[in-house]
Structure formats: C-alpha cells, structure tokens
Amino acid sequence: MSEKRSNFPLPLSSVTGTGTRKPAAPAPVATPQTATQNARSNSQATAARSGAHGAHGVPAPAGPSQPQQTLARSDLMATEAPRRAMAARVARQGVKDPQVLAALETIPRHLFIEQALSAQAYTDVSLPIGHNQTISQPYIVARMIELLKGSGKPLQRVLEIGTGCGYQAAVLACVAKEVYSIERIKPLHELAKANLRPLRIANLRLQYGDGMLGLPQAAPFDGIILAAAGLDVPRALLEQMAIGARLVAPVGAQVQHLQRIIRTGKSEWTSETLESCHFVPLRPGIV
Ligand code: SAH
C-alpha cells in the first residue's frame, strides 16, 4: 500500500477561500426527530468526558497573515458554548467515545448550514442543504462514527459515501488519519468544498462521483460510512474493505436500520442490525 497518493483530486489544504462567513449561531431550539427518539431510548448515563482532541485534522482558524481565509476566531469562539452543549447532549444520548465527542465540539456546524437556518445549527436536527438533501443530525453523525471506530486501534483510511455539505466528513477527519468523501450531486460537492475551505483540513479529500462504486484507487479502507440509505450495501463497498474493517450504513426504504458490517476474511463478512434511523436514499450515477 503506497503512502503517497498525489494524484487524488482535491487536497483542500491547497485551496484558498473567498466570501464571508455567517454570523454566530444563536441558542439552540430542540425539534424531535426519529433518531433523537431512538437515541433517547438508547440513552445511557452521561458519557465520561475528556478534554482529548482528535489527533488529526483539527481545523485551525485563519491567522492575520492569511486575509483570504475567512474563518474568524471570534466566530469560532462565539459558537463554542452551543457546540459544547450539543456534544454534552449527544453524550447524554449514549455516545461515549471521547474523541468523537471532542470532534463534535471542534467542528463549527453552523458553517455548513445556510444563514436562514443557522439558529438551529446546534440543535439535534437534520436540516435541508438543497437538492432535496439534508445535513445529518449531530447525534446520528456521532453514533455512526462511534460504531465505525469500535474500541480497536485508531481509524486510518476512511471512506464516506454522501459528502452533502461536508459536515460529517469534517468530523471524521478529526478521528481518522485520512478521509475520502464522495458526492454524486455536483453542486453539493462544490458546496462542501466551499464550506470546508476555511477549515483547511489537510487529511480530507473530496471526490465527485458515484459512491456506490466506492473509490478503488484509494482502497482498501479501514472504515466505510454511508450517509444515504440503500436497500442493501453495494458489493463494491464490501470489496473495498480491508480485512478487519468496519462499514456502517443505513439500510432500508421507508423503514431503515443502521447496519454494521465487519470484514472478517477475504470472502467473509459479519453483519449486525442496530437501531432504526431515517436517511435520504442512496442513488446510483451522478448529477
Ligand atoms: N454527510 C452529510 C449528509 C449528506 S445527505 C452530512 O454531513 O450531514 C446524503 C448525501 O448522500 C446526499 O448529498 C446525496 O446526494 C448523497 N448520495 C446519495 N447517493 C450517493 C451516491 N451513490 N454517491 C455519492 N453520494 C450519494
């Protein structure tokens, strides 16, 4: 396995930003959603919190020497309290992994949401991002990443199917060494690039394409996470898992459940069906 993948399309660290960011998000307003209810029923005692931060990809606000970068330190600071409250709520809902909770505290979710909805940025709701797609709820993002991590060794190379606005990809980049994320809708791929640019996350690569085909040029992956629900998990993704790798995906149509698959051998996978969830559909092809 070669370490250098210089031909990969988009090193975000090499792209500079333009435009201005939105103001800080006001206090959260709670709206119940399917996974929130699931989370409640799945709820455990408050998870042990730790000050640990992800070893990788923690975004650095732009300093004064980079005027083209628009992520203001004040913007980050103003949203620190709601981010911390959001992570604490997710912990109360049962997510225990301190690295995942620290990643939720780190990534400014309001940067991934249009300004008109920014009052809800730190609530546990999925929100529209255009093209009939949604940004996932913080709880489900955290839960799926926790399932992907397990209690084993740190995640190395991870593939996300369904970049959307890029939020989950940014959270993943805090907990994995290398993250690849694919989006099939071109304007959303572009939106994610724009949203992520000010965060300058060096270990995240975005790809425009059909995620049902995976990303053979970067495989095998230690973890694969799907942000859209298919009737089953595409064969190509199972084949692109390293031995011992995990895949977490919503599976189903009207009724969906999270499924976790572990590749136990060259031709062997085990699968477990977990809580119910609600995701947009996984679709083939690109638009
Ligand atoms: N990860 C996002 C959630 C995005 S919603 C977050 O951070 O909240 C799911 C996304 O999956 C949509 O943008 C949709 O266009 C995308 N999607 C659906 N089928 C896909 C496919 N075959 N390949 C890549 N992306 C796909």
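In short, a report on the structure. Computed from a prediction, not measured in an experiment: that's the story for all the values here.

Thoughts on the nonpolar core
Counting residues in hydrophobic clusters, the biggest one holds 57 residues, and the most contacted among them are Phe112, Tyr167 and Leu196. Contacts of Tyr167, omitting those with residues within four sequence positions, involve Met86, Leu104, Ile107, Arg109, Phe112, Ile135 and Val141. Ranked by size, the runner-up nonpolar core spans 22 residues in total, among them Tyr180, Ala228, Ala242 and Ile261.

What about the site of the ligand?
Around the ligand, 26 residues are found, and the nearest of them are Ser136, Gln168, Glu183, Gly211 and Arg283. Interatomic distance of 3.5 Å between a backbone N/O atom of Tyr167 and an oxygen atom of the ligand. The separation between a nitrogen atom of the ligand and a polar main-chain atom of Gly211 is 2.7 Å. Protein burial of the ligand: of its 580 Å² of free accessible surface, 99% is covered by the chains. Those elements that provide at least two residues to the shell around the ligand are strand 2 (133-135), strand 3 (155-161), helix 6 (167-175) and strand 4 (176-183). Element by element, the count of residues in the shell around the ligand is highest for strand 2, at 3 residues. Residues of the shell around the ligand, tallied by class, amount to 12 nonpolar, 9 polar and 5 charged.

A closer look at the packing of aromatic side chains
One pass over the full model with this rule turns up 2 aromatic pairs. Centre to centre, the rings of Phe112 and Tyr167 are 5.6 Å apart; their planes meet at 70 degrees, and the pair counts as edge-to-face. Linking Phe112 in the loop between helix 4 (98-106) and strand 1 (127-130) with Tyr167 in helix 6, this pair joins segments that are 55 residues apart in sequence. For the pair Phe112 and Tyr167, a shared accessibility class is recorded, and that class is buried. The ring of Tyr167 has Arg109 sitting right over it, with the charged end atom 5.6 Å from the ring centre.

A few points about the sheet that holds strand 7 (residues 241-252)
If you walk across this open sheet you meet the 7 strands as 5-4-3-6-7-8-9, and the pairing is mixed. The sheet terminates laterally at strand 5 (204-208) and strand 9 (268-277), the two strands that pair on one side only. Strand-to-strand, the axes of this sheet are offset by a mean angle of 15 degrees, without reference to chain direction. Relative to strand 8 (residues 256-265), strand 7 runs antiparallel, the two being bridged by 7 bridges. Residue pairing for strand 8: Pro250 is matched across the bridge by Leu258. Lying on the sheet, helix 7 (residues 186-196) is in contact with strand 4 and strand 5; it crosses strand 5 at an angle near 160 degrees.

Considering the pairing of strand 4
Where burial is concerned, most of strand 4 is hidden: 7 out of the 8 residues are buried. The sheet contact formed by strand 3 and strand 4 spans 6 bridges and is parallel. Within the sheet, the bridge partner assigned to Arg157 lies in strand 4 and is Glu178. Note on the crossover from strand 3 through helix 6 to strand 4: the handedness is right-handed.

Examining the packing of helix 3 (residues 80-92) against helix 4
Contact pair helix 3 / helix 4: the axes reach a minimum separation of 8 Å and the direction vectors enclose 150 degrees. Relative to helix 4, the element helix 3 is oriented roughly antiparallel. For the element pair helix 3 and helix 4, the recorded crossing hand is right-handed. Note on element contacts: helix 4 touches helix 3 through Leu101, Leu104, Glu105 and Thr106, opposite Arg83, Arg84, Met86, Ala87, Val90 and Ala91. Considering only residue class, the contact of helix 3 with helix 4 consists of 6 nonpolar, 1 polar and 3 charged.

How each quantity is defined
Residues numbered from 1 in each chain as written. Predicted model: local features only at pLDDT ≥ 70, side-chain atom pairs only at ≥ 80, totals over all residues. Heavy atoms only, no water. Core = buried A, V, L, I, M, F, W, Y, C linked by side-chain atoms within 4.5 Å. Buried < 20%, exposed > 50% of the residue type's maximum accessible area, 1.4 Å probe, protein only. Contact = heavy atoms within 4.5 Å. Near = heavy atom within 4 Å. Polar contact = N/O pair within 3.5 Å; in protein donor to acceptor, adjacent residues only side chain to side chain. Areas by Shrake-Rupley, 256 points an atom, 1.4 Å probe, with all protein chains shown as cover. Helix = DSSP H or I, 4+ residues; strand = E, 2+ residues; numbered from the N terminus. Nonpolar A, V, L, I, M, F, W, Y, C, P; charged D, E, K, R; others polar. Phe/Tyr/Trp six-rings, centres within 6.5 Å; stacked < 30°, edge-to-face > 60°. Lys NZ or Arg CZ within 6 Å of the ring centre and 35° of its normal. Pairing = 2+ DSSP bridges. Axes fitted to C-alpha atoms, helices over the stretch in contact; angles between N-to-C directions. Right-handed = clockwise from strand over helix to strand, strands pointing away. Parallel < 35°, antiparallel > 145°, perpendicular 65-115°, else oblique. Left-handed = near helix turned anticlockwise from the far one by under 90°.

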